[in-house]
Amino acid sequence: MDQESIKNRLQEKYPSYQIDEGGQWIVLNVPVSDWKQVAAELRNEAEFELDFLFCLTAVDWKTHFSVVFHLRSILHNHELVVKVKIDDRQNPVLETVSDIWRTAEFHEREAYDLFGIRFNYHPDLRRLFLTEDWKGWPLRKDYEDPVNMIKL
Amino acid sequence: MLEEIGTSAEGDLIINVGPQHPSTHGVLHLVITLQGETIKKVEPHLGYIHRSIEKMCESLSYRQFIYVTSRMDYLSSHINNLGCALAVEKGLQVEVPRRAMVIRVLMSELTRLASHQLWWGAMAMDIGALTPFFHAFREREMINDIMEETCGARLTMNYMVPGGVMFDLHPDFQKKVKEFIAHFKGKIDEYDELLTGNVIFRERTVGVGKISREDAISYGCSGPVARAAGVSCDIRKHAPYDMYSELKFDEILHTDGDCYARYLVRMQEMRQSLNIIEQLIDNIPEGDFQAKTKAVLKLPKGEYYSMVETARGEFGVYIISEGAMTPYRIKFRSPGFSNLSALDHMAKGSKIGDLVAIMGTLDLVIPDIDR
Amino acid sequence: MFSLEKISIGVQTALNNSLPAFWALMAQFAIVGVLVISLFAVLGLVLVFMERKVSAYMQIRLGPNRVGYKGTAQTLADTLKLLVKEGLIPDGADKFLFRLAPYVVMISAMLLMAPIPFSRNFQIWDINIGVLYISAISSMAVIGILMAGWSSNNKYSLLGAMRSGAQIVSYELSAGLSVLSIVILSGSLQLSEIIQSQENGWWLFKGHIPAVIAFVIFIIAVTAETNRAPFDLAEAESELTAGFHTEYSGMRFALFFLAEYANIFIVCAIGATLFLGGWMPFHVGSWSAFNQIMDYIPGSIWFFGKTFLLIFVIMWFRWTFPRLRIDQLLNLEWKYLLPIGLINLLLITVMAILGWHF
């Protein structure tokens with residue numbers, strides 16, 4: 001599918017979600033509560049079949065987090081970006097998609113490690129790069145480390 | 001952090017492979033649960049050279065951050081740099097001169113050859129044949145010399161800049177590359193004779209570390225690992241960057257998904273890379289090697305994602321810009337990280353010797369995984 | 001003409017004439033002991049140097065070329081380094097067994113030296129069950145390896161030792177069967193007689209194809225028995241770091257290292273003795289003039305020449321082949337080599353009874 005038809009299909013299917021265009025790919029904004037179900041639908045429905053999660057990351061917008069999923073369909077060779085906005089900065093929680101895309105298991109651990117976003121029902125949510133006793137979440141904008149960080 | 005290192009409650013043997021171990025090629029740490037010689041579980045412990053490059057990049061300018069990525073996948077630093085340069089160019093809307101594009105593709109393919117050569121030697125060494133390593137390094141040395149002449153470095157090249165390349169080619173470049181092609185064409189047949197047909201090598205790799213097409217996609221595998229399982233995922237074909245849409249080359253696909261298929265994919269990719277270099281080496285257009293860009297680069301507010309095919313798979317650069325001199329957030333999608341996540345799946349139920357073969361054919365570069 | 005036989009007889013007569021019989025024997029013991037130990041030391045130096053040069057040649061390198069004349073003193077320098085290094089013993093190791101293990105391996109290698117005929121009548125002990133003695137003693141080394149692996153208190157060592165145990169016990173059978181085939185052909189267990197029986201041609205040529213098969217199986221089996229690549233699973237440095245000697249350092253490591261090379265020398269010497277006539281020059285049946293010319297080359301040169309040829313072959317294996325996996329290794333032995341060896345033995349027996357060999 002080309003971008004236009006993806007956009008139309010998404011609008012039909014998820015009329016309440018905001019869809020951004022103008023960037024490289026269509027961006028679908030999904031609320032936290034619906035994410036798991038939407039993910040399963042995007043993965044399994046034949047017209048989308050977004051089976052390849054090639055990038056999972058989070059962004060700290062100081063007021064909220066957004067978790068960004070870059071999805072691709074190997075069959076149709078189209079891409080879709082899904083953003084999930086998490087407003088609760090103190091205790092950011094999202095449901096895991098590691099049972100839908102297995103690669104998410106590692107990527108979610110990375111996001112947990114560096115942003116402190118907890119993924120519910122994740123099979124093995126631990127720190128990935130940093131040691132278990134590390135304090136703080138390094139990729140958050142308010143993270144301070146006087147030893148390892150050099151301020152410009 | 002680690003479990004009680006000894007035996008598990010079920011009486012299985014738990015051993016640590018790494019962080020210092022001859023076959024992890026870096027500081028990868030695997031905790032493997034063994035029943036006799038059979039592997040029950042492989043659990044990677046990462047982060048021994050985690051430098052938080054993504055955080056570092058948030059305080060580097062768009063010209064500077066490119067060169068940090070040479071330190072990620074140091075075996076394909078050209079291609080990493082290229083990915084970053086492409087992302088910045090996307091934001092700046094710069095037209096890259098044709099000469100620069102050709103140089104970039106040439107350098108990328110030379111890098112891919114060098115990386116595959118090193119992989120070939122190192123993988124053979126993991127499997128127990130020590131000699132191929134030296135044979136592979138002899139040819140890799142020639143590539144390194146070519147690189148050194150043009151960009152002054154042998155490993156972390158730092159040659160790409162937004163809008164082109166940093167210097168023009170060395171006058172001897174074409175001559176040297178042609179010499180190399182003539183030399184390597186004979187040698188790659190020698191590689192095949194030395195290892196591909198060897199009975200023991202086949203015994204060790206055929207049917208070992210199998211991954212199905214569905215699993216390869218689900219685990220986010222890319223590059224030769226996925227292509228050996230039948231996933232068509234070559235970025236050079238599916239989302240061509242620079243010159244690749246104008247070039248004739250094949251995407252190598254195998255369907256077995258085992259170590260031998262991964263081996264064959266890389267061997268044939270080397271031939272394809274030679275093919276690409278041959279198409280371009282006589283047709284380097286005259287002109288600028290760099291587009292004119294401002295001294296201080298500022299990307300307009302927005303999000304830019306670029307992907308390139310490194311020797312290990314899909315490398316992605318995700319830049320979020322707020323319009324400042326430095327990126328607001330950068331994410332690198334490294335191929336090794338996703339490929340590694342499939343290791344447990346591949347190695348379950350096989351022997352320790354197989355684990356080494358699987359790691360060898362996954363072609364892991366640890367700084368690329370840890371970032 | 002130069003002959004080791006004359007020297008040994010000369011020394012023996014001199015000792016017997018000047019000393020009482022008991023002390024003459026004691027003096028002989030001492031001389032033989034010193035000779036064996038120094039032969040081991042020299043062999044270690046020569047073989048390590050040879051291996052490094054052979055590997056360098058195969059790997060398009062130069063190899064050691066700085067210390068001494070063209071690098072010949074390199075292994076001596078390495079030995080000196082190992083001698084002065086601290087021998088670490090890991091915490092939690094069984095210290096007594098840990099210290100004992102290298103000596104067990106080394107002693108079993110030294111004991112094997114006894115029945116090997118270096119030249120005509122130049123043999124430490126011409127025991128009449130020489131072949132049996134060799135088979136018996138050579139299986140003792142595995143005890144030392146298991147001891148080393150277990151006492152190190154290291155899982156890699158343990159895995160290596162277990163692999164080594166399985167491997168040596170299995171391949172002992174094939175090696176034994178192919179040795180037996182020569183025993184059947186020559187009708188004797190005494191090594192000097194086996195060599196004598198090859199006066200009109202080596203068993204490799206006299207025994208037709210079955211003897212060649214036995215020889216090939218023997219070479220494969222002893223490569224496995226000495227834990228050399230492609231069967232070096234006990235050490236498999238890319239899997240088990242260094243296998244059973246992971247925790248060894250300094251002189252104890254050097255002993256393992258030396259024992260490995262001594263074992264290679266010994267198995268190759270046995271192979272040369274059984275299949276290639278040992279010190280017996282290259283003779284062809286009734287060509288007496290040709291045989292006479294061949295006899296001008298001293299037996300010791302024939303012996304060492306053949307042995308080093310076999311050593312070179314084994315080194316060649318190591319630097320070209322990838323390593324097998326443990327289950328494939330055992331499959332190769334139990335599913336292929338052992339049945340082939342058994343059938344081959346049957347053939348040879350038939351051949352020996354009917355007198356079909358030359």
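Treat the numbers as computed from the prediction; the structure is a model and nothing was measured.

Draft legend 1. A look at the overall build of chain A. Assigned secondary structure in chain A consists of 3 helices and 7 strands. Helices and strands appear in chain A in the N-to-C order α-β-β-α-β-β-β-β-α-β. By its C-alpha atoms, chain A is 50 × 35 × 25 Å across when sized along the principal axes. Going through the 152 residues of chain A one by one, you find that 38% of them count as buried.

Draft legend 2. Broad picture of the overall build of chain C. Of the regular secondary structure elements, chain C holds 15 helices and 0 strands. Computed over C-alpha atoms, the radius of gyration of chain C comes to 21 Å, within 12% of the 21 Å expected from 2.2 N^0.38 for 358 residues, which places it in the range of a compact globule. Along the three orthogonal principal directions, the C-alpha set of chain C runs to about 65 × 55 × 45 Å. Residues classed as buried in chain C amount to 44% of the 358 residues present. For chain C, the share of sequence-separated contacts (at least 6 apart) that also reach a separation of at least 24 residues comes to 78%.

Draft legend 3. Representation of the interface of chain B and chain C. In this complex, chain B contributes 27 residues to the contact, which on the side of chain C involves 21 residues. Of all elements in the fold, only strand S1 (13–17), helix H4 (98–127), helix H5 (131–151), helix H7 (199–205) and helix H14 (352–362) of chain B reach the threshold of two or more residues within the side of chain B that touches chain C. Here the residues of the side of chain B that touches chain C sort into 13 nonpolar, 7 polar and 7 charged.

Draft legend 4. Expanded view of the sheet that holds strand S6 (residues 302–309) of chain B. Residue and element names in this part refer to chain B. Strand order in the open sheet formed by 3 strands is S6-S7-S8, and the pairing between neighbours is antiparallel. Edge positions in the sheet fall to S6 and strand S8 (329–333), since each of these pairs with one other strand and no more. On average, each strand axis in the sheet is inclined to that of its neighbour by 10 degrees, with strand direction left out of account. Bridging between strand S7 (residues 314–321) and S8 involves 5 bridges; their strand directions are antiparallel. Paired with isoleucine 320 across the bridge in S8 is arginine 329. Set on the sheet, helix H3 (residues 77–92) makes contact with S6 and S7; between it and S6 the angle comes to about 150 degrees.

Draft legend 5. The arrangement of the interface of chain A and chain B in detail. Between chain A and chain B, the contact holds 25 residues from the first and 30 residues from the second. Elements with a contribution of two residues or more to the side of chain A that touches chain B: strand S3 (52–60) and helix H3 (104–115) of chain A. With 6 residues, the single largest contributor to the side of chain A that touches chain B is S3 of chain A. Taken together, the residues that form the side of chain A that touches chain B break down as 14 nonpolar, 7 polar and 4 charged.

Draft legend 6. Main features of the sheet that holds strand S3 (residues 38–45) of chain B. Residues and elements named next belong to chain B. Spatial ordering of the open sheet is given by S1-S2-S3, a layout of 3 strands whose pairing is antiparallel. Taken across any chain shown, the strands that pair with only one partner, and hence form the sheet edges, are S1 and S3. Direction aside, the axes of adjacent strands within the sheet are offset by 20 degrees on average.

Draft legend 7. Geometry of the pairing of S7 of chain B. All names here are of chain B. Taken across its 8 residues, S7 has 8 buried, putting it largely inside the fold. Judged by which residues are buried, S7 turns out to be covered on both faces: Glu314, Gly316, Tyr318 and Ile320 on one side and Phe315, Val317, Ile319 and Ser321 on the other are all buried. As paired strands, S6 and S7 are joined by 8 bridges and run antiparallel to one another. Opposite valine 308, over in S7, you have phenylalanine 315 as the bridge partner. Counted between consecutive antiparallel strands, the loop separating S6 from S7 contains 4 residues, among which glycine 313 sits at a positive phi close to 145 degrees.

Draft legend 8. Region of the structure containing the nonpolar core. Counting 244 residues, the largest nonpolar core has Val67 and Ile117 of chain A, Ile358 of chain B together with Ile266 of chain C as its most contacted members. No other element matches H4 of chain B, which puts 18 residues into this core. If we ignore the near neighbours within four places in the chain, the residues touching isoleucine 266 of chain C are Ala109, Leu112, Met113 and Ile116 of chain C.

Draft legend 9. Spotlight on the environment of isoleucine 117 of chain A. Residue and element names in this part refer to chain A. The residue isoleucine 117 is located in the loop between H3 and strand S7 (118–120) in this model. On the basis of neighbour count, isoleucine 117 is assigned to the buried category, with 22 C-beta atoms found within 10 Å. With residues near it in sequence (within four places) discarded, isoleucine 117 still touches Ala58, Phe65, Val67, Ile86, Pro92, Leu94, Ala111 and Tyr112.

Draft legend 10. Representation of the packing of helix H2 (residues 21–58) of chain C against helix H14 (residues 299–320) of chain C in the model. All names here are of chain C. Contact geometry for H2 and H14: axes closest at 10 Å, N-to-C directions at 50 degrees. As summarised for this structure, H2 and H14 are arranged oblique, according to the angle between their axes. The crossing of H2 and H14 is right-handed. Of the residues in H14, those touching H2 at Leu47, Glu51, Val54, Ser55 and Met58 are Ile311, Phe312, Met315, Trp319 and Thr320. A breakdown of the residues in the contact of H2 with H14 according to their chemical character gives 7 nonpolar, 2 polar and 1 charged.

Draft legend 11. Inspection of H2 of chain C at higher detail. Residue and element names in this part refer to chain C. With 38 residues, H2 should reach 56 Å at 1.5 Å per residue; the first-to-last C-alpha distance of 53 Å fits that figure. If you check which residues of H2 are buried, you get Gly44, Leu47, Val48, Phe49, Glu51 and Lys53. Those residues of H2 hidden inside the fold are in contact with helix H3 (74–84), helix H12 (250–275) and H14.

Draft legend 12. View of unusual backbone geometry. Residue and element names in this part refer to chain A. Phi is positive for tyrosine 121, which is not a glycine, with a value near 65 degrees. Position of tyrosine 121 among the secondary structure elements: in the segment after S7. Residue tyrosine 121 is classed as exposed on the basis of its C-beta count, with 11 C-beta atoms lying within 10 Å.

Draft legend 13. Expanded view of the environment of leucine 297 of chain B. Residue and element names in this part refer to chain B. Mapping leucine 297 onto the fold places it in the loop between helix H11 (259–281) and S6. Linking leucine 297 and threonine 326, residues 29 residues apart in sequence, is a C-alpha distance of 8.7 Å. In this view, leucine 297 contacts Ser61, Tyr62, Arg63, Val88, Leu92 and Pro162; residues no more than four positions away in its chain are not counted.

Draft legend 14. Local environment of the pairing of strand S2 (residues 29–35) of chain B. All names here are of chain B. Of the two faces of S2, only the one carrying Leu30, Ile32 and Leu34 is buried; His29, Val31, Thr33 and Gln35 on the other face are not. Here S1 runs beside S2; their pairing, made up of 5 bridges, is antiparallel. The residue bridging isoleucine 14 from the neighbouring strand is threonine 33, located in S2. The pairing of S2 with S3 spans 7 bridges and is classified as antiparallel. Each residue of the ladder has a partner; that of histidine 29, found in S3, is histidine 45.

Draft legend 15. Representation of the confidence of the model for chain C in the model. For chain C, per-residue confidence averages 84 on the pLDDT scale, and residues scoring 70 or more make up 99% of the total. Across the assembled chains, the prediction reports ipTM 0.87 with pTM 0.86.

Draft legend 16. Spotlight on the packing of helix H6 (residues 141–151) of chain C against helix H7 (residues 155–186) of chain C. All names here are of chain C. At a closest axis distance of 7 Å, the pairing of H6 and H7 adopts a crossing angle of 165 degrees. Between H6 and H7, the crossing angle belongs to the class labelled roughly antiparallel. For the crossing formed where H6 meets H7, the hand is left-handed. Of the residues in H7, those touching H6 at Val142, Ile145, Leu146, Ala148, Gly149 and Trp150 are Ser157, Leu158, Gly160, Ala161, Ser164, Gly165, Ile168 and Val169. Of the residues that constitute the contact of H6 with H7, the class distribution is 9 nonpolar, 5 polar and no charged.

Draft legend 17. Representation of the confidence of the model for chain A. Across chain A, pLDDT averages 85, with 98% of residues at or above 70. Mean pLDDT across the elements of chain A bottoms out in helix H1 (residues 3–13) of chain A (81) and peaks in strand S4 (residues 65–72) of chain A (89).

Cut-offs used in this document
- Residues numbered from 1 in each chain as written.
- Chains lettered and ligands numbered in written order.
- Predicted model: local features only at pLDDT ≥ 70, side-chain atom pairs only at ≥ 80, totals over all residues.
- Helix = DSSP H or I, 4+ residues; strand = E, 2+ residues; numbered from the N terminus.
- Buried ≥ 20, exposed ≤ 12 C-beta atoms within 10 Å, placed from the backbone.
- Rg over C-alpha atoms; globule rule 2.2 N^0.38 Å.
- Contact = placed C-beta atoms within 7 Å.
- Nonpolar A, V, L, I, M, F, W, Y, C, P; charged D, E, K, R; others polar.
- Pairing = 2+ DSSP bridges.
- Axes fitted to C-alpha atoms, helices over the stretch in contact; angles between N-to-C directions.
- Core = buried A, V, L, I, M, F, W, Y, C linked by C-beta atoms within 7 Å.
- Parallel < 35°, antiparallel > 145°, perpendicular 65-115°, else oblique.
- Left-handed = near helix turned anticlockwise from the far one by under 90°.
- Expected span 1.5 Å × (residues − 1).
- pLDDT = per-residue confidence, 0-100.

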